[in-house]
Amino acid sequence: MKIYYNPKLKILARQLRNNSTKSEIKLWTFLRRDQMYGYDFHRQKPIDEYIVDFFCNRLKLAIECDGYSHEVLEVYEKDELKTKRLNELGIEVLRFSDYQIMNDIDNVLRAIEDYIIQFENRHSI
């Protein structure tokens, strides 16, 4: 399935990159420059009508960093709609709280690595 880039969100995505949260900055230090098993991740990637925090096209994987506002019912419901739409586009979504990223980065990285290993096993020749 084709993943649609939304050019209307380009300016907002740039603003989000320039104003990253501490948890996004921390996780990015492990995802940038193909550090995660050689996979290329992008920050604040516009897809369809959404912007995902991190995205790897080869893995069809979006990673979201959820701050305290994501615990509010209205924001949680929007997150659910976003995840559902991304899944319809063939994109898997991993969500981590800011707390997990800031206080338990090893297990966050293990979860991402586990996804990659499972992905590679499903797509091996």
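For clarity, every value in this text was computed on a predicted model and none was experimentally measured.

Caption draft 1: Focus on the sheet that holds strand S1 (residues 42-47). Taken in spatial order, the four strands line up as S1-S2-S3-S4 in an open sheet, and their pairing is mixed. In this open sheet, the two strands that pair with only one neighbour each are S1 and strand S4 (92-97). Each neighbouring strand pair of the sheet contributes to a mean axis angle of 45 degrees, computed without reference to strand direction. Sheet topology note: the strand S3 (residues 61-66)/S4 ladder contains six bridges and is parallel. Across the sheet, the residue bridging to Leu 61 is Glu 92, located in S4. Sheet strands touched by helix H1 (residues 10-18): S1 and strand S2 (50-56). Its angle to S1, the strand with the most contacts, is close to 155 degrees.

Caption draft 2: Representation of helix H5 (residues 105-122) in the model. Given a rise of 1.5 Å per residue, 18 residues ought to cover 26 Å, and the 26 Å separating the end C-alpha atoms of H5 matches this to within 8%. Among the residues making up H5, those that are buried are Ile 105, Val 108, Leu 109, Ile 112, Tyr 115, Ile 116 and Phe 119. Down the axis, H5 shows its buried residues gathered within 115 degrees of arc, on one side only. Summarising the geometry of H5, the exposed residues directed more than 90 degrees from the buried face are Asn 121 and Arg 122. Where H5 is buried, its residues contact helix H2 (22-31), S3, S4 and helix H4 (98-103).

Caption draft 3: Focus on the nonpolar core. In terms of nonpolar packing, the biggest core is built from 22 residues, with Leu 27, Leu 31, Phe 41, Phe 54, Leu 59, Ile 63 and Ile 112 touching the most fellow members. Considering every element that reaches this core, the biggest residue donor is H5, with seven residues. If we skip the residues at most four places from it in the chain, Phe 41 touches Trp 28, Leu 31, Met 36, Phe 54, Phe 55, Cys 56, Leu 59, Leu 61 and Ile 63. Core analysis: the next-biggest nonpolar cluster, separate from the first, contains eight residues, Val 52, Leu 86, Leu 89 and Ile 91 among them.

Caption draft 4: Spatial organisation of the environment of Leu 16. Looking at the element boundaries, Leu 16 is found in helix H1. Here the alpha-carbon distance between Leu 16 and Gln 44, two residues 28 residues apart in the chain, equals 6.6 Å. Non-local contacts of Leu 16, meaning those with residues more than four positions away in its chain, are made with Gln 44 and Ile 51.

Caption draft 5: The arrangement of the pattern of salt bridges in detail. The full count for this structure, using the stated rule, is five salt bridges. Across the salt bridge formed by Arg 95 and Asp 66, the nearest N and O atoms sit 2.9 Å from each other. Of this pair, Arg 95 sits in strand S4 while Asp 66 is found in strand S3, placing the two residues 29 residues apart along the sequence. Using a relative accessible area of 12% as the deciding quantity, one classes Asp 66 as buried. Between Arg 85 and Glu 88 there is a salt bridge, with its nearest N and O atoms 3.3 Å apart. Of this pair, Arg 85 and Glu 88 are both found in helix H3 (residues 73-88), three residues apart, which corresponds to roughly one turn of the helix. If you follow the salt bridges from partner to partner, you end up with Asp 48, Arg 85 and Glu 88 in one network.

Reading the values: rules and limits
- Residues numbered from 1 in each chain as written.
- Predicted model: local features only at pLDDT ≥ 70, side-chain atom pairs only at ≥ 80, totals over all residues.
- Heavy atoms only, no water.
- Pairing = 2+ DSSP bridges.
- Helix = DSSP H or I, 4+ residues; strand = E, 2+ residues; numbered from the N terminus.
- Axes fitted to C-alpha atoms, helices over the stretch in contact; angles between N-to-C directions.
- Contact = heavy atoms within 4.5 Å.
- Expected span 1.5 Å × (residues − 1).
- Buried < 20%, exposed > 50% of the residue type's maximum accessible area, 1.4 Å probe, protein only.
- Arc of directions from axis to C-beta.
- Core = buried A, V, L, I, M, F, W, Y, C linked by side-chain atoms within 4.5 Å.
- Salt bridge = Lys/Arg side-chain N within 4 Å of Asp/Glu carboxyl O.

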